[in-house]
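Working through the structure, step by step
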Amino acid sequence: MSDDLARLQADTEAALAAATDPRALDAVRVATLGKSGALTALLKALGGVPPEERKERGAAVNRLKATLEAAIEARRASLDAAALEARLAAERMDVSLPARPFPPAGPDAGAIHPIARTIEELTAIFGTMGFAVAEGPDIEGDWYNFSALNIPDHHPARQDHDTFYVPAGPDGRRPVLRTHTSPVQIRTMLAQEPPIRVIVPGRTYRADHDATHSPMFHQVEGLLIDKGITLGHLKGCLIDFLRAFFDIRDLPVRFRSSYFPFTEPSMEVDIGWNRKTGELGKGGDWLEILGSGMVHPKVLANCGIDPREFQGFAFGMGIERITMLKHGIPDLRPFYDSDVRWLKHYGTSPLSPASLAEGV
Amino acid sequence: MKFSLSWLKRHLETDATLEQISTTLSAIGLEVEGIEDRGAALAPFRIAHVIEAVQHPDADKLRVCQVDIADGTIRTIVCGAPNARTGMKTVLGLPGAVVPANGMVLKVGKIRGVESQGMMCSSRELGLGDEHDGIIDLPADAPVGQPYASWAGLDDPVIEISVTPNRGDALSVRGVARDLAAAGLGTLKPFAPAPVQAAYPSPLAWSVDDLAGCPWVLGRAVRGVKNGPSPKWLQDKLVSIGLRPINALVDVTNWFTYDLGRPLHVFDVAKVKGDTLVIRRGREGESYLALNGKEISVTRDDLVIADDGGVESLAGIMGGEHSGSDLGTTEVFIECALFDPVQIALSGRRHELRSDARQRFERGVDQALPPAALEAATALIIELCGGEASEITAAGAEPQWQRTAHLRFERIAGLGGSSITPDEAVEGLERLGFSVASRDEAGVTVNVPSWRNDVAGGQGGLAQSPELAPERAAKAAEGCAAIEPECDLLEEVLRLRGLDAVPPVSLPVPSPVPQSSLTARQTRTSLARRVLAARGMLDCVSFGFLDDKTAALFGDTPASLRLENPIAADLNQMRPTPLASIALAAARNIARGYPDVALAEIGGAYRDITPAGQLTVAAGLRTGFTPRHWSEPARAVDAMDAKGDALAVLASLGVPTAALSVAAEAPGFYHPGRSGVIKQGPKTVLATFGELHPTLRGQLDLPGPAVAFEVFLDLVADPKKRKKAVPDLPAFQPLKRDFAFLVDATVPAENLVRAARGAERALITDVALFDRYAGERLPEGKVSLALEVTLQPRDASLTDAEIEAVGAKIVAAVTKATGATLRG
């Protein structure tokens, strides 16, 4: 490097080191890279350099320019960091002081999410039928989510589930984000002896995203294991629930034969509505709302329950779906968007939690 | 699975209406997804004879026609079509009919003074094409008065059903017909193809290396065929269900796939190298060009069909281009095989190949059908393409599919809750193809038909929990083996009658007043949610995953919690805290013009994949300013708001908050000087709170003030269900004394309060910090903190001396603990 360039570099670096605030730093930048800065002058002077030296000299000046620009930026970053540190230190407050006695706003400003509300209502209604709430993890072993529920590896139903996977754990099996709340059936049957009556509201995940599917949604599972429980009880339980939940005492409910690997016989359940107006209870159209069936003997046996001794039923339904139907919410996506306007519009008051006494 | 009504009626003798068929299909488990019925819209349009067409007296371009539809009335129709002429046959719509193309309702009307009693239509008006140059011109022999749609073959509704994975047999028109017949909607027509005479030895032979993968395969050649387009009836049927006719030989295989659920493949004999087709496992490095145009590299786990030249098809999934039939084919070899469903499923998934054949083989096909299907296919090929058949060549053997299943009649009511009688149950099973092996008062044993792989097949085996005690597992397994076939039969019996026929019974409840359905632990989430909403926060629900970069701002993002197949790049990491989700939500709201938000979410925070590593966290975030109001100035939200939120949640869950302490040890996403953790005892961090770090706010587009908290609900101890102690209700008035201390600004105020409270426990019931002053009247680095102490006398009023003594104790205690001095 020519002497003049080396000198300019040394001078600039010294000036940078001496600059301890943004204004000083900016002065250095202007003096070097500004319109009449030292380096700018060198660039301008290149035109006067003899052609045979110009290329080499030009390259050297440009290298220096890059070096100095980087040095200035580095200095700026370190000054910024120091300034932030100083600011944070200056802003220190005593967080052990008592909190204020009142929040910035009260119950009229807050609201409970419609999904949480529906779960409260489900809990209240099924509670009267003797169901307790059970829970399980979102990240679930594939045995719980599939195999134990009579969905072996090769089963076509596994593909229908659009499963999310996380990397394999120590056992070499890839855990899944549970595709339904049904694995909690398994956890419950392993954890307690029959009779069992549980519902399982919770988050579920499927790799599907469009206007009517969300990659995360909520289901409520029901499981009843006892002696002498029949398909008639399943139908009665669901009809009683649906009519109470939608508060339509004569809501038409239709049962169709279907198939799920974990129940036999299986049935899908429709409610009567008007497809054009969305009004429930009349209109002559049918809307599929949930799946159900008598617990498959294999599922019982997988959990160590002798199906000759105990039998029962299970069902599962989408919480968003019944929430949308009940409240006439047209679109699924805003449920998860946390738009304050939507939350205030569809949210419910924290001062009136769901209770059968006050009406769900 | 799609089929047309006329196709169904090739197998089903029935008078049932489309409506009855549709309702029954849905009721018995073959859910109707849609019905395409062009005929319904065309029903009011009839074939008409134009007896006479004369020029309209008042219009150049109109004709007045006398039209007959063989109902005894000759109608006058005014028509503007250039081709309307005397003697033609066309299509007429009468008043009241709706024109399919535009929804117009036809009416009697006067056109230029002449009354017109209907409309003669163009193809476009009937929604049948673009032709609109004139009215439909039908051949002279078109039968006058008949509905046009039925004459033109347009009244064949197409029904689409969704077939559940257990019902491979219903992936065929015949299977659907059988179910409908069994449900009482007609009778199943017999299917017994006559054997086709063999004229020569088969030019190709089978060799099966893997009998587990392919237990039985038949083959037969037909020589002297002339391939070409298939006849209209076959093309119409295939087109009606959305298949493209290719040529007669290919169309025949597609026909049987749908008609009998029996996938077939035809090889062009001239293109097969050597004289043996081998069914074996794939070999390393082998590949073939599949019929979908893609080169497929097979693996050792795949079952392939190969000739001397290499792989010709992926068995049961997709044939190859190389040896397929084309218009030049003169000799074909028909393959009709059984494959192991599991292998087909795994192979198909491995290569992501979907095909009609795979769909059927992986669900299981009729195990006894191959000979009859082969005869039927041979006959149809000869009918369409001519030629003569070879002898049948086979390898493997018909599997031992025969098995029985037993049904105790008591279970119809005992599990099914149904009143179906034993006779009805047995009749239904017989109509489905089961035959009675033996029957007594208590039950029936039936032979399971070859096409019902789902009944008493014992597929899949058990997957019992390894945690079970061995005797318990064995007993449960034995019970399952004993009753599973019975459950299969019961399902058949119940579905044929329709589950709507089972009377609903309200659940017997264990007690008229139920126990609470939530455990004490579970109520914490709903309680926390209500407390936060009551403090003006909006309860949110967000996805449990977000982008890994945002997640990393809030905590660890281990690879073990990164999705292998995220649906979008910004939804790939299980979140370390719900706070991350609502911080993004707050930024979205601010961008919409709502800078002052209070959001809360109670949901999963993920540390690892174990159940214990999946925490339930109540998180909240406030941004911006408190509301402007005449009574109180607006102010920025601050760390004390967040602390208040966290403490309110903890208090509602029964945590004794007076015993909690605060330490400035909050995670890095908080402002280091304006945040803290709330601890119970020396170690347990129940909550974090504070201002968000300015750098983080910049990264998340949160321009204004933003404060947050997290409460770790799993760590809150279970509330104790014990009776409260008798309340302390002294007869003497409490009295209050104020103390102002000068103390180093670095000393936490909490320490003074705690010291004062502990100075004389018998007397001091409360200590409140009511003033904090820092300013130029004080020495550098010092603050003034003022405490209000409540003294509660119990046995007698306090004397001045006693009060003074307590005061001195308080000052001494505070000074000792904190170095503070009483301000004069």
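None of the values given here were measured: they were computed from a predicted structure.

Bringing the overall build of chain B into the picture now. A count of helical and extended segments in chain B gives 20 helices and 40 strands. Relative to its length of 824 residues, chain B is extended, with a C-alpha radius of gyration of 42 Å against a globular reference of 28 Å. When the backbone C-alpha atoms are referred to their principal axes, chain B occupies close to 125 × 85 × 60 Å. With 824 residues in all, chain B has 44% of them scored as buried. Residue pairs at least 24 apart in sequence account for 70% of intrachain contacts in chain B once pairs closer than 6 positions are excluded.

Before going further, it helps to examine the confidence of the model for chain B. Mean pLDDT over chain B works out to 93, with 100% of the residues at or above the 70 mark. The ipTM, which scores confidence in the relative placement of chains, is 0.89 for this predicted complex, and the corresponding pTM is 0.86.

In the numbering used here, UniProt assigns the "binding site: Mg(2+)" (unreviewed entry) feature to Glu264 of chain A. Tracing the backbone through its elements, the reader meets Glu264 of chain A in strand 7 (residues 263-273). Classification of Glu264 of chain A as buried rests on a count of 23 C-beta atoms within 10 Å. Apart from residues lying up to four places away in sequence, Glu264 of chain A is in contact with Gly293, Met294 and His296 of chain A together with Cys487, Asp488 and Glu491 of chain B.

Right, let's talk about the sheet that holds strand 16 (residues 265-268) of chain B for a bit. Residue and element names in this part refer to chain B. Spatially, five strands are ordered 13-24-15-23-16 in an open sheet, and the strand pairing comes out mixed. Sheet topology places strand 13 (198-200) and strand 16 at the edges, where each strand pairs with a single neighbour. Along the sheet, successive strands turn relative to each other by an average axial angle of 40°, direction set aside. In this sheet, strand 23 (residues 331-338) lies alongside strand 15 (residues 216-223) in antiparallel orientation, the contact comprising eight bridges. Bridge pairing in strand 23 places Gly219 opposite Glu335.

As a further point, take the sheet that holds strand 4 (residues 45-55) of chain B. Residue and element names in this part refer to chain B. Taken together, five strands build an open sheet; the order of strands is 6-5-4-7-10 and the sheet is antiparallel. The two strands at the open ends of the sheet, each matched to only one other strand, are strand 6 (74-79) and strand 10 (119-120). One ladder, built from five bridges, connects strand 4 with strand 7 (residues 89-93); its direction is antiparallel. Looking across to strand 7, one finds that Ile47 is bridged to Val91.

Bringing the UniProt feature "domain: FDX-ACB" (unreviewed entry) in chain B into the picture now. The positions that UniProt labels "domain: FDX-ACB" (unreviewed entry) are, in the present scheme, residues 730-823 of chain B. End-to-end, the C-alpha atoms of residues 730-823 of chain B are 32 Å apart, and along that stretch the chain is 31% helix and 34% strand.

Turning to the interface of chain B and chain A, a few remarks are in order. In this assembly, 118 residues from chain B lie in contact with 103 residues from chain A. Ranked by residues supplied to the side of chain B that touches chain A, first place goes to helix 13 (residues 470-497) of chain B with 16 residues. Class assignment for the residues of the side of chain B that touches chain A results in 63 nonpolar, 30 polar and 25 charged.

Our next topic: the pairing of strand 32 (residues 614-623) of chain B. All names here are of chain B. Here strand 32 lies mainly inside the structure; eight of its ten residues are buried. Across nine bridges, strand 31 (residues 598-606) lies against strand 32 in antiparallel orientation. Bridge assignment links Glu601 to a residue of strand 32, and that residue is Ala619.

Here we take up the nonpolar core. Residue and element names in this part refer to chain B. Ranked by internal contacts, the top residues of the largest apolar core, which has 260 residues, are Val332, Leu599 and Val711. Val332 has contacts with Ala221, Val222, Val225, Leu249, Val266, Phe267, Asp268, Val269, Ser325 and Ile381, leaving out every residue within four places of it along the chain. One finds Phe45, Val64, Val67 and Ile135 within the second-largest nonpolar core, a separate group that totals 27 residues.

Another point: unusual backbone geometry. Most peptide bonds take the trans form, and the phi angle of most residues other than glycine is negative. Residues and elements named next belong to chain A. Omega for the peptide link from Pro194 to Pro195 comes to 0°, which places this bond in the cis form. For Pro195, the location among the structural elements is in the loop between helix 8 (183-191) and strand 4 (196-205). The residue after Glu264, namely Pro265, is reached through a cis peptide bond having omega -5°. Inspection of the secondary structure assignment puts Pro265 in strand 7. A positive phi is found at Asp247, a non-glycine position, where the angle reads about 55°.

The domain architecture assigned to chain B consists of domain 1 (2-37 + 157-188), domain 2 (40-151), domain 3 (198-396), domain 4 (407-499), domain 5 (520-715) and domain 6 (735-822). With centres defined by C-alpha atoms, the gap from domain 5 of chain B to domain 6 of chain B works out at 34 Å.

The rules behind these values
- Residues numbered from 1 in each chain as written.
- Chains lettered and ligands numbered in written order.
- Predicted model: local features only at pLDDT ≥ 70, side-chain atom pairs only at ≥ 80, totals over all residues.
- Helix = DSSP H or I, 4+ residues; strand = E, 2+ residues; numbered from the N terminus.
- Rg over C-alpha atoms; globule rule 2.2 N^0.38 Å.
- Buried ≥ 20, exposed ≤ 12 C-beta atoms within 10 Å, placed from the backbone.
- Contact = placed C-beta atoms within 7 Å.
- pLDDT = per-residue confidence, 0-100.
- UniProt positions renumbered as here; feature names shortened; annotations may be inferred.
- Pairing = 2+ DSSP bridges.
- Axes fitted to C-alpha atoms, helices over the stretch in contact; angles between N-to-C directions.
- Nonpolar A, V, L, I, M, F, W, Y, C, P; charged D, E, K, R; others polar.
- Core = buried A, V, L, I, M, F, W, Y, C linked by C-beta atoms within 7 Å.
- Domains from an automatic or database assignment.

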